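Here is how the chains run, residue by residue.
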Number of protein chains: 2
Amino acid sequence: MAAAPKLVGVSTQTVVSERPKRADARRNFDRLVAQARTAFAERGTDASLEEIARRAGVGIGTLYRHFPTRQDLVVAVVHDRMAELNAKAVALLDAPSPEDALISWLWAYLEHAGEFRGLADSMAETVQAGSLTCCADMKSAAAALLSRAQRAGVIRSDVDTLDLLQLMHAVAWSAERCGKDTARAGRMLTVVLDGLRGAPADQAGR
Amino acid sequence: MAAAPKLVGVSTQTVVSERPKRADARRNFDRLVAQARTAFAERGTDASLEEIARRAGVGIGTLYRHFPTRQDLVVAVVHDRMAELNAKAVALLDAPSPEDALISWLWAYLEHAGEFRGLADSMAETVQAGSLTCCADMKSAAAALLSRAQRAGVIRSDVDTLDLLQLMHAVAWSAERCGKDTARAGRMLTVVLDGLRGAPADQAGR
DNA sequence: ACCTGAACACCGTTCAAGT
DNA sequence: ACCTGAACACCGTTCAAGT
C-alpha cells in the first residue's frame, strides 16, 4: 500500500551485474551473452552450454567462471530488456488511466517473457527468488503500477505483486505451447485480466 | 455446443493402453509403473529412467520396449487417476448446480495435476496433442461440464475446453513454485475462476 | 515375444595447468 | 586475474545377442 511513494527513487538505469574489468574478460563476457542469446532463441533456455562456449570462441571453463549457473546466463541475456521494462513502468505511472497503464505494462511484460522458450519458467524462478537487484527493481515498479490501479478500484485488492507476475508467467508459459494459435493465448490472457478486475459478484455489489 | 449429448456414451472405464500379454512382460510393466510412480513423486517427471529400471529390477532396454518415450511412462503412471477424473466428471453432470459441478471438478483436476513436479507440464503437452484415448475422453467429459455451465450462463461463452484445461495446467504449474504457500496458489486460482465467469462489464450489462 | 546390458553419444561440471 | 581443455560423472538411447 505504501509501495507507490517508496518507488520515487527507482532507478531506470539498473546496475549492470558486475562486469569483468580486464579487457579480454569483458570481451569474452559480451561474446558469451551474445551467443547465448542466439542459442536461446534457437533452442530455448536449455540450449547446450558447451555449444554456446564453442560458438563464442571460448573455453567451457570461461563460461562457468562468468556464469556459475545457467540462470545467471539467462538473466544476463535479458538484463537490458528488463531495464527497459522498469523504465516503461516508471513512465506509465504518469499515464492518465491507472488501469490502461497497468494493462499496457502487462502486455509488454508478457511479450518479454515469451521471447524464447523456457524464459517464462526462468523468470518465474528468478522473480520468486528475488535475490537479483534488477528483479527487485521490477517488482517495485510493478508494485507501484498495481497499487495505483488498486487504489483506483479497477483491480481487486487481494492480489499482491508476486501473484500478478506469477500469473503473467503462467500465461506466458501456456502461450509457449500455443505457438501460432495467438487467439487462444489472447483468450487466456483475457480471462486472467478479467479475473484480476475482480469477481462479477463483488463488482455488482458496488 | 453439441458436446453434451455426444458424451452420453463416454466410458468411465477407459481402455487400458495395450498391456503386454506374456506373464513376465506384464509383471515388468507393472513394476516399472510402480517404481516410476515413486521416482516421480521423489524427483519429479525428469527422474532418471535408468534408476527406475534398476529399482524395478529390469534392464533399461525393457523400459524402452514398454515405454518408448518418457511421456508414455508418465501417462501410464497417472492413467488410473485420469479414469477416476473421467468418472467424476460424468457423475457431476447430474449435480444440481452446473457452476458448482464444474468448479468442483476443476479442483479435483488441479489436485491431480499437482501430484508431482513436472506433471502439469506433462499434462499440458499430452492434452494439447490429444492423441491418447484417455485424454480424448477427459476432454469430452470436461467439455460436457463446461458447456452445461455455459448454457446456464455462469461461465463466459468464448472459452473452449482446451482454454479451460490449459488454464488449469498453468495454475498447477504456478502452484508448483508456491510450495507451502497455498494461500498464493488459492488466490491465483480464484483470479482465474473469476475470469472464467466473465468480465465484470459483461455481467453488469445483463 | 521378450529381456539384457554393453556401447555410443552427449552434456554438465570441476580443476590442475597455463598465461 | 583470467583462460583452457582434459577428465570425470551421469544420463538417454540403441541394438546385437540371448532366452
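Just so it is clear, the structure is predicted and the values come from calculations on it, not from any experiment.

Cut-offs used in this document
Residues numbered from 1 in each chain as written. Chains lettered and ligands numbered in written order. Predicted model: local features only at pLDDT ≥ 70, side-chain atom pairs only at ≥ 80, totals over all residues. Heavy atoms only, no water. Helix = DSSP H or I, 4+ residues; strand = E, 2+ residues; numbered from the N terminus. Buried < 20%, exposed > 50% of the residue type's maximum accessible area, 1.4 Å probe, protein only. Areas by Shrake-Rupley, 256 points an atom, 1.4 Å probe, with all protein chains shown as cover. Salt bridge = Lys/Arg side-chain N within 4 Å of Asp/Glu carboxyl O. Contact = heavy atoms within 4.5 Å. Buried area = accessible area lost by both parts, 1.4 Å probe. Polar contact = N/O pair within 3.5 Å; in protein donor to acceptor, adjacent residues only side chain to side chain. Nonpolar A, V, L, I, M, F, W, Y, C, P; charged D, E, K, R; others polar. Domains from an automatic or database assignment. Near = heavy atom within 4 Å. Axes fitted to C-alpha atoms, helices over the stretch in contact; angles between N-to-C directions. Parallel < 35°, antiparallel > 145°, perpendicular 65-115°, else oblique. Phe/Tyr/Trp six-rings, centres within 6.5 Å; stacked < 30°, edge-to-face > 60°. Core = buried A, V, L, I, M, F, W, Y, C linked by side-chain atoms within 4.5 Å. Least-squares fit on C-alpha atoms with pLDDT ≥ 70 in both. Expected span 1.5 Å × (residues − 1). Arc of directions from axis to C-beta.

Student: I'm lost on the overall build of chain A in this one. Help?
Tutor: Along the backbone of chain A there are 11 helices and 0 strands. In chain A, the succession of α and β elements from N to C terminus is α-α-α-α-α-α-α-α-α-α-α. With 206 residues in all, chain A has 50% of them scored as buried. About 9800 Å² of surface is accessible on chain A, with carbon and sulfur atoms providing 52% of the total.

Student: Just checking my understanding: could you explain the pattern of salt bridges for this structure?
Tutor: Between side chains of opposite charge, a pair can form as their charged atoms come close. In the structure shown here, the tally under the stated rule is 31 salt bridges over all chains. Measuring nitrogen to oxygen at the nearest pair gives 2.4 Å for the salt bridge that ties E99(A) to R197(A). Of this pair, E99(A) sits in helix α6 (residues 98-113) while R197(A) sits in helix α10 (residues 182-197); the two residues are 98 residues apart in sequence, bridging distant segments of the chain. On the basis of relative accessible area, E99(A) is assigned to the partly exposed category, the value being 24%. Between D163(B) and R187(A) there is a salt bridge, with the nearest N and O atoms lying 2.6 Å from each other. Remark: R187(A) occurs in helix α10 and D163(B) occurs in helix α9 (residues 161-178); the pair is interchain, linking two chains. Through salt bridges with shared partners, a single network forms among E99(A), D194(A), R197(A), R156(B) and D158(B).

Student: Is there a simple way to explain the interface of chain A and chain B in this structure?
Tutor: If you look at the interface, chain A gives 33 residues, while chain B gives 33 residues. For the pair chain A and chain B, the summed buried area comes to about 2800 Å², and 62% of that belongs to carbon and sulfur atoms. Our count for the contact surface shared by chain A and chain B stands at 14 salt bridges. On the surface where chain A and chain B come into contact, there are 18 residue pairs in polar contact (both at pLDDT 80 or more). The set of elements that each furnish at least two residues to the side of chain A that touches chain B consists of α7 (119-129), α9 (161-178), α10 and α11 (200-204) of chain A. Residues belonging to the side of chain A that touches chain B are distributed by class as follows: 14 nonpolar, 8 polar and 11 charged.

Student: Even after reading the chapter, I still don't get the domain arrangement of chain A, so can you show me in this structure?
Tutor: For an interface, size is often stated in terms of accessible area lost upon the parts coming together. All names here are of chain A. Domains assigned within chain A are domain 1 (18-68) and domain 2 (74-200). Measuring from the centre of the C-alpha atoms in domain 1 to the corresponding centre in domain 2 gives 28 Å. Listed by partner, the interface residues are 10 residues for domain 1 and 7 residues for domain 2. Here domain 1 and domain 2 share an interface that buries about 710 Å² over both sides, 67% of which is from carbon and sulfur atoms. Among the residues domain 1 hides against domain 2, the three largest losses belong to R37, F40 and T45. Together they make up 61% of the total. Where domain 1 meets domain 2, there are 0 salt bridges.

Student: I tried to follow the protein's contact with DNA strand D on my own but got confused; where do I start?
Tutor: Not every one of the 20 residues close to DNA strand D is listed here, only the nearest: R22(A), N28(A), G59(A), T62(A) and Y64(B). Each atom of DNA strand D within 4 Å of the protein was assigned to sugar, phosphate or base; sugar and phosphate come to 63%. Between N28(A) and DNA strand D, the recorded distance is 2.4 Å, taken from a side-chain N or O atom to a phosphate oxygen. A distance of 3.0 Å is found between a phosphate oxygen of DNA strand D and a backbone nitrogen or oxygen belonging to L49(B). Of all the secondary-structure elements, those providing two or more residues to the surface near DNA strand D are α2 (23-43) and α4 (60-66) of chain A together with α3 (49-55) and α4 (60-66) of chain B. The element contributing the most residues to the surface near DNA strand D is α4(A), with 5 residues. Class assignment for the residues of the surface near DNA strand D results in 7 nonpolar, 7 polar and 6 charged.

Student: For this particular structure, what's the right way to read the packing of helix α5 (residues 70-92) of chain A against α6(A)?
Tutor: The relative placement of two packed helices comes down to the angle between their axes together with the axis-to-axis distance. All names here are of chain A. Where α5 contacts α6, the two axes come as close as 10 Å, and the packing angle between them is 175°. Taken together, the axis directions place α5 and α6 in an arrangement best described as roughly antiparallel. Each of V78, R81, M82, L85, K88, A89 and L92 in α5 lies in contact with α6, whose residues at this interface are A101, S104, W105, A108, Y109 and H112. Classifying every residue of the contact of α5 with α6 by side-chain character gives 9 nonpolar, 2 polar and 2 charged.

Student: Sorry, what's going on with the packing of aromatic side chains here?
Tutor: One pair of aromatic rings is described through two measures. These are the centre distance and the angle between the planes. Residue and element names in this part refer to chain A. Scanning all chains against the criterion turns up 7 aromatic pairs over all chains. Taking 5.2 Å as the distance between ring centres and 35° as the angle between the ring planes, the aromatic pair formed by F29 and F67 counts as tilted. A residue pair is termed long-range when its members are at least 10 positions apart, and F29 in helix α2 and F67 in the loop between α4 and α5 qualify at 38 residues. Relative accessible area serves as the criterion here: at 4%, F67 is assigned to the buried category. Ring centres 5.3 Å apart and planes at 35° place the aromatic pair W105 and Y109 in the tilted group.

Student: Would you mind showing me how to read the nonpolar core here?
Tutor: Note that soluble globular proteins tend to have their nonpolar side chains buried in a common cluster. Counting residues in hydrophobic clusters, the biggest one holds 133 residues, and the most contacted among them are W105(A), L196(A), W105(B) and L196(B). With residues near it in sequence (within four places) discarded, W105(B) still touches L85(B), K88(B), A89(B), L92(B), M138(B), A142(B), L145(B) and L165(B).

Student: How should the relation of the copies chain A and chain B be read in this particular structure?
Tutor: The operation relating the pair of chain copies consists of a rotation about an axis and a translation along that axis. You can overlay chain A on chain B at an RMSD of 0.0 Å; the transform is a turn of 180° with a shift of 0.0 Å along its axis. Such a combination of turn and shift is consistent with a two-fold rotation axis. Among all C-alpha atoms of chain A, that of G195(A) lies closest to the rotation axis, at 1.8 Å. Here 100% of the contact residues of chain A are again contact residues in chain B; the copies associate through an equivalent surface.

Student: Looking at this structure, I do not really get α2(A). What am I missing?
Tutor: Think of an α-helix as turning once every 3.6 residues; residues three or four places apart then point the same way. Residues and elements named next belong to chain A. In a regular helix each residue adds 1.5 Å, so 21 residues correspond to 30 Å; α2 covers 30 Å between its end C-alpha atoms and thus fits that length. Considered for burial, the residues of α2 that qualify are A25, N28, F29, L32, V33, A36, A39 and F40. Around the axis of α2, the buried residues are gathered within 135° of arc, so they sit on the same side. α2 presents A23, A41 and E42 as exposed residues on the side facing more than 90 degrees away from its buried surface. Taken together, the buried residues of α2 touch α3 (49-55), α4 and α5. Immediately beyond the C-terminal end of α2, within one or two residues, lies G44, with a positive phi of roughly 90°.

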